[in-house]
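Remarks on the overall topology
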Amino acid sequence: MTPTRKRRLIAVLVIILGVGAAAVVAMKALNENMLFFVSPTDVEEQNLPAGKRFRLGGLVAGGSVSRASDSLSVKFVVTDGAASVDVMYDGILPDLFREGQGIIAIGELRPEGYFEAAEVLAKHDENYMPPEVADALEKSGHTVESATEKDT
Amino acid sequence: MNSRVLPLMAFVLLVALLVVGLKIADRKTQLPSPLINKPAPAFNLPVLGQAGRTMSRESFLGTPYLVNFWASWCVTCRVEHPVITDLARSGALRVIGFNFRDENADALAWLAQFGNPYEVTLVDLDGRISIDFGVYAAPESFLVDPSGVIVFKQLGAMTHDIIETEILPRIASMESGN
Amino acid sequence: MTVELGQIALLAALLTSFSLGLFPMIGTYTGNRRLMAISTSAALIQCLLLLVAFGILTSAFVNQDFSVEYVARNSNSLLPLHYRYSAVWSAHEGSLLLWELILGLWIAAVALFSKRLPEVFRARVLAVLGWVSAGFLLFILFTSNPFGRLIPSAAEGLDLNPLLQDFGLIVHPPLLYMGYVGFSVAFAFAVAALLGGEISRDWVRWSRPWTLVAWAFLTIGIALGSWWAYYELGWGGWWFWDPVENASFMPWLVGSALIHSQAVTEKRGAFGNWTLLLAISAFSLSLLGTFLVRSGVLTSVHAFASDPTRGIFILIYLALVVGGSLALYAARAPKMIQGGGFAGLSRETLLLINNLVLTVMAAMVLTGTLYPLLIDALGAGKISVGPPYFGFLFSWLLVPMVLALPIGIYSRWQQDSASRLAGRLMWPLLISLVVGAGFWITVPGIGLVAAAGVSGGVWVTAGSLFYVGQHMSKKKHFKIPASILAMTLGHVGLGFFLIGVSLTSATSSEQHLRMEAGDQHVMSGYTFEFNGTRIVQGPNYTADEGEFIVAKNNREITRLYPQKRQYAQRGNSMTEAAIDPGFTRDLYVSLGEPLDDRGQAWAVRIYYKPFIRWIWLGSILMMFGGFLAAGNKRYRRKIRANKTEQTGTKEVTA
């Protein structure tokens with residue numbers, strides 16, 4: 001093998017190894033950072049993804065939002081018409097957060113049964129609903145009960 | 001020769017993935033509503049412009065009707081308005097407006113400006129009923145048969161085409177079938 | 001009546017683009033010079049028609065013609081005049097028209113400024129651009145017509161989304177599109193080269209200024225988007241690895257590789273296939289990005305209203321343009337590696353590392369962006385890929401590139417010696433290590449990674465500046481050639497960028513608090529005193545405006561006035577952050593929401609962001625570097641030299 005060919009071969013091998021290593025690391029990082037979408041029905045049926053953190057999506061139930069008087073803690077209920085999940089969030093909610101609005105909360109389900117949100121997202125368009133939430137609502141079929149019934 | 005074909009092959013795979021992605025995205029908008037062939041959700045709503053009067057799901061039993069969700073802030077509703085008007089005028093079925101997440105004053109002004117095609121307009125102020133119907137865009141329409149069962153859902157603006165191909169045939173089969 | 005004229009103009013532009021695509025190309029194969037000459041007039045006429053169409057849409061906005069549906073959806077009678085202009089590109093249809101207009105302008109520029117290129121090659125370049133334009137016009141006319149009427153016409157418009165009523169929207173899309181679309185020129189050059197079976201490297205030299213200008217625009221376009229998100233969204237963030245952001249970043253990464261690869265191919269003849277492939281890929285990624293954000297395939301807070309039927313159209317267009325060019329590449333790319341070989345340690349090797357790293361980065365971003373789609377397609381669930389994936393990989397991939405950069409600047413072509421390079425780079429290395437260590441020791445909370453990032457940025461900056469110094473001392477005068485200055489600006493810009501990102505990511509402070517009038521909060525040495533809110537009136541909104549007195553060492557340094565706006569028409573609220581900008585830090589306050597009925601207590605966000613401006617300062621420097629490099633007289637001079645060499649070549653005048 002000529003020196004040039006040998007050099008080229010080494011170069012190609014180094015490149016393949018490098019790119020291969022990058023690919024392996026990338027796949028690992030990808031899998032660690034995948035956030036699954038979970039609906040309230042999935043939570044009720046204990047249909048939870050493997051990782052601890054996930055995205056909970058649904059509508060904000062009417063009359064369910066309550067703020068603490070001395071801190072930024074806020075409680076609300078997320079529903080898909082068939083099931084509901086209590087959510088606790090310590091922080092400032094996005095501008096478009098409203099009752100009846102489709103939102104996505106990122107966080108973990110606490111052993112006590114409520115969802116502790118680290119982030120709450122609503123899109124910049126009051127008529128938008130995240131497709132996953134829409135799917136979940138459709139799947140839940142909407143019983144005759146209102147999905148966001150206020151307490152009377 | 002081989003290595004130079006790789007980019008093209010990678011691209012072909014990418015396009016395949018995107019085609020599947022489009023089908024999925026399309027499905028999201030075309031997903032048949034699970035409400036089809038189920039009774040329309042219960043409602044008991046005030047009538048726009050008639051203080052004290054309400055109408056419920058039961059008020060409409062016996063004839064087919066179109067539930068048309070609209071709002072004054074919805075621009076596409078203005079686009080479908082002439083079609084809804086034509087449908088109402090044809091007398092093929094009752095056309096009932098469901099004004100949701102809106103203000104009564106704005107709704108009345110909208111109807112005054114563009115014309116009122118509806119037999120009545122019911123007011124769903126906070127949108128609770130729209131959620132029961134699974135409405136997440138505006139406008140959306142539901143065809144309900146005389147026994148109160150939803151037989152068709154239209155997402156987005158109603159068109160003459162849809163009326164011809166989906167609404168009128170179903171009404172015809174209602175009248176002959178039952 | 002006039003808006004229909006806009007539609008007619010678009011139809012005429014479509015016909016012109018067909019002519020541009022068809023006749024000159026035929027002319028290049030039949031040797032018909034008249035057909036080839038059509039390219040210039042077709043290009044100019046198309047541009048004129050697009051200007052007319054765009055002008056008509058703009059006037060519909062300015063005159064508030066709510067009988068046009070697009071205007072009714074995105075404007076309002078209370079909208080201030082300057083936003084009426086920018087509202088034109090605030091949503092899907094109008095932004096596509098802007099895209100197409102900018103393409104028309106680029107094509108006209110190529111027609112006007114490339115008269116000295118060989119006519120066959122030039123005709124092919126313009127014809128390819130003609131096809132690109134034709135496809136886009138078909139897309140606009142069939143699926144995204146901005147001139148549709150609303151009957152009956154609306155009495156009042158729906159208003160421009162408040163988030164878009166901002167300076168950022170005025171500048172960000174046009175500049176971004178200048179870059180995005182500008183890569184079509186490099187693409188056309190590459191395709192023309194493949195069609196002609198060019199063996200010579202001249203075509204690469206001709207394409208460099210066009211590519212550099214497009215790259216510079218894309219750099220500033222992305223930077224503006226980041227800056228805009230920072231001050232407009234109120235969360236203190238400046239990059240979210242959102243699919244729409246990724247869609248613009250991928251062409252930038254590939255474009256950066258391209259401008260370097262072009263240099264190697266021009267000067268040494270190597271990397272010929274890399275250059276071809278990168279040129280095709282940069283524009284392909286632009287088109288792919290356009291597809292991703294408008295088709296509904298990806299969920300994003302930024303995405304335009306999704307419409308899968310539009311998606312099908314763009315996908316077909318994408319498949320034809322990209323698939324066609326890649327097929328051409330597979331068939332025609334030169335089989336042999338050209339140009340001289342190079343040793344293990346040489347400028348070529350280091351630029352090869354550069355090419356590879358940037359390409360892998362782009363591939364990594366693409367994977368992360370499309371992964372949710374893949375998982376969904378496989379029916380394995382609905383996922384999103386969190387930002388840490390991108391951030392982690394990106395940081396690690398930067399390492400080889402940052403290390404190689406100053407070495408690449410100093411190293412000779414073809415072969416260099418390690419000892420010579422080590423000697424030159426000793427000082428920059430030392431300085432970068434000292435500064436990095438200094439930050440690590442003195443700044444609390446800075447991790448090793450961020451300190452390494454600062455080191456890397458200093459390494460790049462010092463390496464670039466020392467090179468200039470060495471050059472000046474060798475030549476014994478202070479005149480720096482524009483090409484070296486351009487290169488230095490670009491690399492120093494990157495260094496500043498790295499320093500800014502490292503420091504901001506690692507040492508920013510953020511607090512979400514409940515505050516009442518009179519409350520004080522201390523953060524990072526600054527005292528923020530909340531003085532309550534009052535109501536202020538804007539042209540189309542009402543706002544609660546808060547007052548914050550900021551002090552340091554008991555001396556007041558500024559007052560900040562964040563607002564919570566309610567826009568009349570759409571009825572939604574919007575946060576307007578208040579920022580005290582600085583070279584070494586930003587202070588940032590935004591109002592969250594009122595926490596009691598009387599509006600006395602508010603949820604407030606306070607941020608301390610050190611060195612964040614360096615991110616955009618670095619980007620601006622990179623942009624200047626790109627523009628300066630494009631102006632290199634060498635590109636213009638040598639073509640004239642070529643002309644005198646060739647005998648019997650008559651210039652074709654348009």
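Residues numbered from 1 in each chain as written. Chains lettered and ligands numbered in written order. Predicted model: local features only at pLDDT ≥ 70, side-chain atom pairs only at ≥ 80, totals over all residues. Heavy atoms only, no water.

Concerning the interface of chain C and chain A
The cut-off we apply is this: When checking whether two residues touch, look at their non-hydrogen atoms; a contact exists if any pair is within 4.5 Å. As a working definition, buried area equals the accessible area (1.4 Å probe) given up by two parts on being put together, with both sides summed. Criterion for a salt bridge: a side-chain nitrogen of Lys or Arg within 4 Å of a carboxyl oxygen of Asp or Glu. Identification of polar contacts relies on pairs of N or O atoms within 3.5 Å, with a donor-acceptor requirement for protein atoms, meaning one able to donate a hydrogen and the other able to accept it, and with residues adjacent in sequence counted only if both atoms are side-chain atoms. Strands are runs of DSSP state E lasting at least two residues, helices are runs of H or I lasting at least four, and both sets are numbered from the N terminus onward. Under the scheme applied here, ten amino acids are nonpolar (Ala, Val, Leu, Ile, Met, Phe, Trp, Tyr, Cys and Pro), four are charged (Asp, Glu, Lys and Arg), and all others, including Gly, are polar. One bridge is not enough; two strands pair if DSSP finds at least two bridges between them.
Each partner contributes residues to the interface: chain C has 43 residues there, and chain A has 33 residues. The junction of chain C with chain A conceals about 3,200 Å² of combined surface from both sides, 62% of it contributed by carbon and sulfur atoms. If you look at where chain C meets chain A, you find one salt bridge. Between Arg 67 of chain A and Glu 593 of chain C there is a salt bridge, and its shortest N-O distance comes to 2.5 Å. Taken together, the links from chain C to chain A amount to four residue pairs in polar contact (both at pLDDT 80 or more). Mapped by element, the contributors of at least two residues to the side of chain C that touches chain A are α12 (347-377), β1 (383-385), α13 (387-410), β2 (509-516), β8 (573-576), β10 (585-594) and β11 (601-610) of chain C. Residues of the side of chain C that touches chain A, tallied by class, amount to 23 nonpolar, 14 polar and six charged. Here three bridges tie strand β1 (residues 34-38) of chain A to β1 of chain C, and the two strands are oriented antiparallel to one another. For Phe 36 of chain A, the partnering residue across the bridge sits in β1 of chain C and is Ile 383 of chain C.

Remarks on the pairing of β1 of chain A
Residues and elements named next belong to chain A. Operational definition: Residue burial is assigned from relative accessible area. The probe radius is 1.4 Å, only protein chains are included, and a residue is buried under 20% of its type maximum, exposed over 50%, and partly exposed in between.
With respect to burial, β1 is a largely interior element, four of its five residues being buried. Of the strand pairs in this sheet, β1 and strand β2 (residues 53-60) are connected by two bridges, and their pairing is parallel. Note on β2: the bridge partner recorded for Phe 37 is Arg 55.

As for the interface of chain C and chain B
Each side of the interface is counted separately: chain C has 41 residues, and chain B has 26 residues. Across the chain C to chain B interface the summed buried area is about 2,700 Å²; carbon plus sulfur atoms make up 76%. Seen at the junction of chain C and chain B, the total is zero salt bridges. Applying the counting rule to chain C against chain B returns one residue pair in polar contact (both at pLDDT 80 or more). Those elements that provide at least two residues to the side of chain C that touches chain B are α3 (69-74), α10 (272-294), α11 (308-332) and α12 of chain C. Counted by class, the side of chain C that touches chain B contains 28 nonpolar, six polar and seven charged residues.

Some remarks on the side chain of Ser 325 of chain C
Residue and element names in this part refer to chain C. Its location among the elements puts Ser 325 in helix α11. A polar side-chain atom of Ser 325 sits 2.9 Å from the main-chain carbonyl oxygen of Val 322. Ignoring sequence-local partners within four residues, the contact set of Ser 325 consists of Phe 187, Val 191, Leu 194, Ile 280 and Leu 320.

Examining the environment of Met 25 of chain C
Positionally, Met 25 of chain C belongs in helix α1 (residues 2-30). For the pair Met 25 of chain C and Ser 619 of chain C, spaced 594 residues apart in the sequence, the C-alpha separation amounts to 39 Å.

Details of the sheet that holds β10 of chain C
Hydrogen bonding along the main chain pairs the strands of a sheet, whether they run parallel or antiparallel. All names here are of chain C. The criterion, for reference: Fitted lines through C-alpha atoms serve as axes, helices being fitted only where they are in contact, and the angles separating the N-to-C directions of these axes extend from 0 to 180 degrees.
The strand order across the open sheet built from four strands is β2-β11-β10-β9, with neighbouring strands paired in antiparallel fashion. Because the sheet does not close on itself, it has two edges, and the strands there are β2 and β9 (578-580). Taking the axes of each pair of neighbouring strands and ignoring which way they run, one obtains an average angle of 20° across the sheet. One ladder, built from three bridges, connects β9 with β10; its direction is antiparallel. Opposite Ile 579, over in β10, you have Tyr 588 as the bridge partner. Here helix α8 (residues 202-233) sits on the sheet in contact with β9, β10 and β11, set at roughly 45° to β10.

Some words on a positive patch on the surface
Definition in use: Two joining distances apply to patches: 9 Å for like charges and 5 Å for nonpolar side chains (Val, Leu, Ile, Met, Phe, Trp, Tyr), and every residue must have over 30% relative accessible area and no salt bridge. Under the convention used here, a 1.4 Å probe and the Shrake-Rupley method define accessible areas, while residue burial counts only the protein chains that appear. Asp and Glu are treated as the negative residues and Lys and Arg as the positive ones, with His and the ends of the chain left uncounted. Where a charge lies is defined by one atom per residue type, namely NZ (Lys), CZ (Arg), CG (Asp) and CD (Glu).
Residues Arg 412, Arg 424, Lys 474 and Lys 475 of chain C make up a contiguous surface patch of positive charge. You can see Lys 474 of chain C is positioned in helix α15 (residues 448-475).

Notes on the packing of α10 of chain C against α11 of chain C
All names here are of chain C. Worth spelling out the cut-off: Relative orientations are named as follows: roughly parallel for angles under 35 degrees, roughly antiparallel for angles over 145 degrees, roughly perpendicular for angles from 65 to 115 degrees, and oblique for any other angle.
Closest axis-to-axis distance for the α10/α11 pair is 9 Å, and the angle between their directions is 175°. Between α10 and α11, the interaxial angle falls into the category roughly antiparallel. Of the residues in α11, those touching α10 at Asn 273, Leu 276, Leu 277, Ile 280, Ser 284, Leu 287, Leu 288, Thr 290, Phe 291 and Arg 294 are Gly 311, Ile 314, Leu 315, Tyr 317, Leu 318, Val 321, Val 322, Ser 325, Leu 326 and Tyr 329. For the contact of α10 with α11, the class distribution of residues is 14 nonpolar, five polar and one charged.

Things to note about the domain arrangement of chain C
Residue and element names in this part refer to chain C. Which entries qualify depends on this criterion: The start and end points of each domain follow an automatic or database-based domain assignment.
Segmentation of chain C into domains returns domain 1 (1-165) and domain 2 (509-611). Between domain 1 and domain 2, the contact holds 14 residues from the first and seven residues from the second. For the pair domain 1 and domain 2, the two sides together bury roughly 900 Å², of which 54% comes from carbon and sulfur. Of all residues in domain 1, the largest losses of buried area upon contact with domain 2 belong to Leu 78, Asp 159 and Pro 162, amounting jointly to 50% of the total for that side. Where domain 1 packs against domain 2, one counts one residue pair in polar contact (both at pLDDT 80 or more).

Comments concerning a nonpolar patch on the surface
Residues and elements named next belong to chain C. Judged by side-chain polarity, Leu 15, Phe 18, Leu 22, Phe 23, Ile 26 and Trp 131 come together as a nonpolar surface patch covering roughly 530 Å² of accessible area. In terms of residue count, the dominant contributor to the nonpolar patch is α1 (five residues). Here Trp 131 is to be found in helix α6 (residues 119-143).

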